[in-house]
Amino acid sequence: MGLLKYIASLTLVASVAIGNAQTHVFDVKTNKLGTEIPQTMYGIFFEDINYGADGGLYGELIKNRSFEFPQNLMGWMSFGDVKLQDDGPFERCPHYVRLSVCKEASKWTGLQNEGYFGIGYLKGADYRFSVWARVPNGGTAQFKAQLIDPSTMGERQQYLGETTITVNSKEWKKYECTIKCADLVEKGSFRILLDHSSSPVDLEHISLFPKDTYKGDDNGLRKDLAEALEQLHPGVFRFPGGCVVEGAELESRYQWKNSVGPVENRPLNENRWLHSFDNRLFPDYFQSYGLGFYEYFRLSEEIGAEPLPVLSVGLACQYQSKNHQPVDQLQPYIDDALDLIEFANGDPAQNKWAKVRADMGHPAPFNLKYIAIGNEQWGPEFPVRLKPFVEQIRAKYPNIQIIGSAGPDSEGEKYDYLWPEMRKLKVDLVDEHFYRNEAWFRQAGNRYDNYSRKGPKVFAGEYACHIDGKKWNQFQAALFEAAFMTNLERNADIVRMATYAPLFAHVEGWQWRPDAIWFNNTQKFNTCSYYVQQLYATNKGTHVLPLTMKGKPVAGNADQDGLFASAVYDKNQQMVIVKVVNTSDKEQSFLLQQQGKPLDLGKVEVTTLRADHPEAENSLDNPTRIVPVSAVKSYKMGDDLAIPANTFMVLKFHRK
Ligand code: AHR
């Protein structure tokens, strides 16, 4: 079959005036399947930053439910006779409160919780209240649990829903009931109000969840946020950080063993983001570990992503601390990694951590394949610690893939030192991070084209475009990310996974931006960056197809007019998918020359992501200002295609 017979040239608008712009000819070899694109290619990275977990994805609405914050009543307003006690039923969370009727009969005793920047209540929704309680001196205690709108105006009563709980056992027991909410409130609170005739009552682990959590789990996730993750179709799920893995000091590193088992007995951990920025200081930022490793593994399974846990290598955040675990005392840290593999994959009859998993409700293994050791580490202190981890994991679990790190920078001294070290250690993948400005992204279109194909593969574990001086989620940042991702896609033989970061931010509680998804207590919106990730993940294809212009990758080079492009074949759908990004301020035309079986030009699915202004962004008030727009178009042989200025376009062609 002659090559020219199957050269297709297409145009979006056949008669489009393109001024002096030349038509760019993209050669796509649709008859030459390249690398198989891994399932893990586009994923998500979750960290408890910006109130992403407690106050965010984790469905719990009560802050400091176990009275374990260093100031034990932080988040609570107590009134009347409330005393803190510390000999409760849960060893690792020993504090609780004792409520007694005031001596003056007319005075109230109770507690009011402020939630995280308030509690968001939805009109007509059911809330599951639970508490551990006992009457220490016998008798009968009665109290009300109330959903409150503290800002109530006019005639409306303060409580939007309430229930009465009666306690008459001297033994600790869990009490649970449902409270319906009458109205929508963005900044509600929650109140416990003791009856005037009540006996003293002890209360511990005071908890309130929406009943309608993601997949209906009791210790569940906020539904709209978890669904947003599912809709990203991630292939891999990296958790739980980021810097929270390291801790500001080793003591506050994320310790997965504390995050499993009954929620009532998971000890509190200080969130390292509490101490990061004095201009964004949140002194009440702690980790309840209610969203722990079991929940992360479950979520991976539910959204169809490979779990990728990250563990401490024994170095606290090197930006903040020199608190390092001595190399000859690393064994407990290494054991954490070995035990985690058992927790995820082991036989409950043989291993105590596998039994913990089974007892929590998941006897089947989670089928863990990857583990990352260390986050943004650097210097000789990193490889010297990583080495014994690699040796012991390899010896016991040769099939687990180990991920090392290239440090916090995309290039430079730390990066140059670490890559050879990672090669020496023969890790499977190296985690690279790049939060960079638009200039960096503009010139990074060939980053992986000439990477060595020997040794470890690349995990682009954290990246985002931070527009100079304007670190927020404007469209332009997302456009540069889309451009950069053509490079990831083209080089899927070396870049095996990539995860944008960070994922979530509470509009009132952020420390770091831009982020993929923003939320307040009742609403959320997806950013343009979110949609870029989604467009790549849902159009990932199965094989890379070579796409060049004048024999070179289309990577925004000097003679390429700000164009970036890549192509894949989807074996299952029998489709050729072409991604084109125009980062220039001018419309550009292009022509696809394809070698291979003819494509159906009569039914091309074209999706574009573009904005009316480079600084335009989505927001809570206007969540869908910029969203992908899809249409089915029909073309003829010989048509040119046009891509508007500053646009990301995905074209999907069926085989004839
Ligand atoms: O994503 C935010 C932070 O950026 C991560 O915690 C850390 O790994 C990086 O410095």
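Residues numbered from 1 in each chain as written. Predicted model: local features only at pLDDT ≥ 70, side-chain atom pairs only at ≥ 80, totals over all residues. Heavy atoms only, no water.

A look at the confidence of the model for the chain
Next, step 1: Across the chain, pLDDT averages 94, with 96% of residues at or above 70.
Next, step 2: Confidence drops under pLDDT 50 across residues 1-20; counting only partners more than four residues distant or on other chains, this segment forms 47 contacts. (pLDDT = per-residue confidence, 0-100. Contact = heavy atoms within 4.5 Å.)

Topic: the site of the ligand
Next, step 1: The environment of the ligand is formed by E47, I49, G242, C243, W273, N375, E376, H433, Y435, E462, P502 and W512.
Next, step 2: In the model, an oxygen atom of the ligand is placed 2.8 Å from a nitrogen or oxygen of the N375 side chain.
Next, step 3: E376 is positioned with one of its side-chain polar atoms (N or O) 2.8 Å from an oxygen atom of the ligand.
Next, step 4: Taken together, the residues of the shell around the ligand sort by class into six nonpolar, three polar and three charged. (Near = heavy atom within 4 Å. Polar contact = N/O pair within 3.5 Å; in protein donor to acceptor, adjacent residues only side chain to side chain. Nonpolar A, V, L, I, M, F, W, Y, C, P; charged D, E, K, R; others polar.)

Some details on unusual backbone geometry
In most cases, non-glycine residues show a negative phi, while peptide bonds are predominantly trans.
Next, step 1: Residue A501 is joined to P502 through a cis peptide bond whose omega torsion reads -15°.
Next, step 2: Put simply, R513 and P514 share a cis peptide bond, and its omega is 5°.
Next, step 3: Along the chain, the position of P514 falls in the loop between β23 (504-506) and β24 (517-519).
Next, step 4: Positive phi, normally seen in glycine, also occurs at K426, with a value near 55°.
Next, step 5: Of note, K426 is situated in the loop between α8 (413-425) and β20 (429-436).
Next, step 6: You will see that N646, though not glycine, has its phi angle at about 45°, which is positive.
Next, step 7: Its place among the elements puts N646 in the loop between β34 (641-643) and β35 (647-655). (Helix = DSSP H or I, 4+ residues; strand = E, 2+ residues; numbered from the N terminus.)

A closer look at helix α10 (residues 475-490)
Next, step 1: The end-to-end C-alpha distance of α10 is 23 Å, a good match for the 22 Å that 16 residues give at a rise of 1.5 Å each.
Next, step 2: Counting buried residues in α10 gives 15 out of 16 residues, a clear majority hidden from the surface. (Expected span 1.5 Å × (residues − 1). Buried < 20%, exposed > 50% of the residue type's maximum accessible area, 1.4 Å probe, protein only.)

Topic: the packing of aromatic side chains
Next, step 1: One pass over the structure, following the stated rule, counts 49 aromatic pairs.
Next, step 2: A ring pair is formed by F26 and F590, whose centres lie 5.1 Å apart and whose planes are at 20°; its orientation type is stacked. Highlighted residues: F26 in strand β1 (residues 23-28) and F590 in strand β31 (residues 588-594), separated in sequence by 564 residues. Of the two residues examined, F26 and F590, each falls in the buried class.
Next, step 3: Consider the rings of F237 and Y296, whose centres lie 6.1 Å apart with planes at 65°: the pair is edge-to-face. Of this pair, F237 sits in strand β14 (residues 236-239) while Y296 sits in helix α4 (residues 293-303), and the two are 59 residues apart along the sequence.
Next, step 4: When its relative accessible area of 0% is taken as the criterion, F237 is described as buried.
Next, step 5: Classification of Y296 as buried rests on a relative accessible area of 1%.
Next, step 6: The lysine or arginine in question, R272, covers the ring of W273, its NZ or CZ lying 4.5 Å from the ring centre.
Next, step 7: Positioned above the aromatic ring of W378 is the side chain of K414, whose terminal nitrogen or guanidinium carbon lies 4.4 Å from the ring centre. (Phe/Tyr/Trp six-rings, centres within 6.5 Å; stacked < 30°, edge-to-face > 60°. Lys NZ or Arg CZ within 6 Å of the ring centre and 35° of its normal.)

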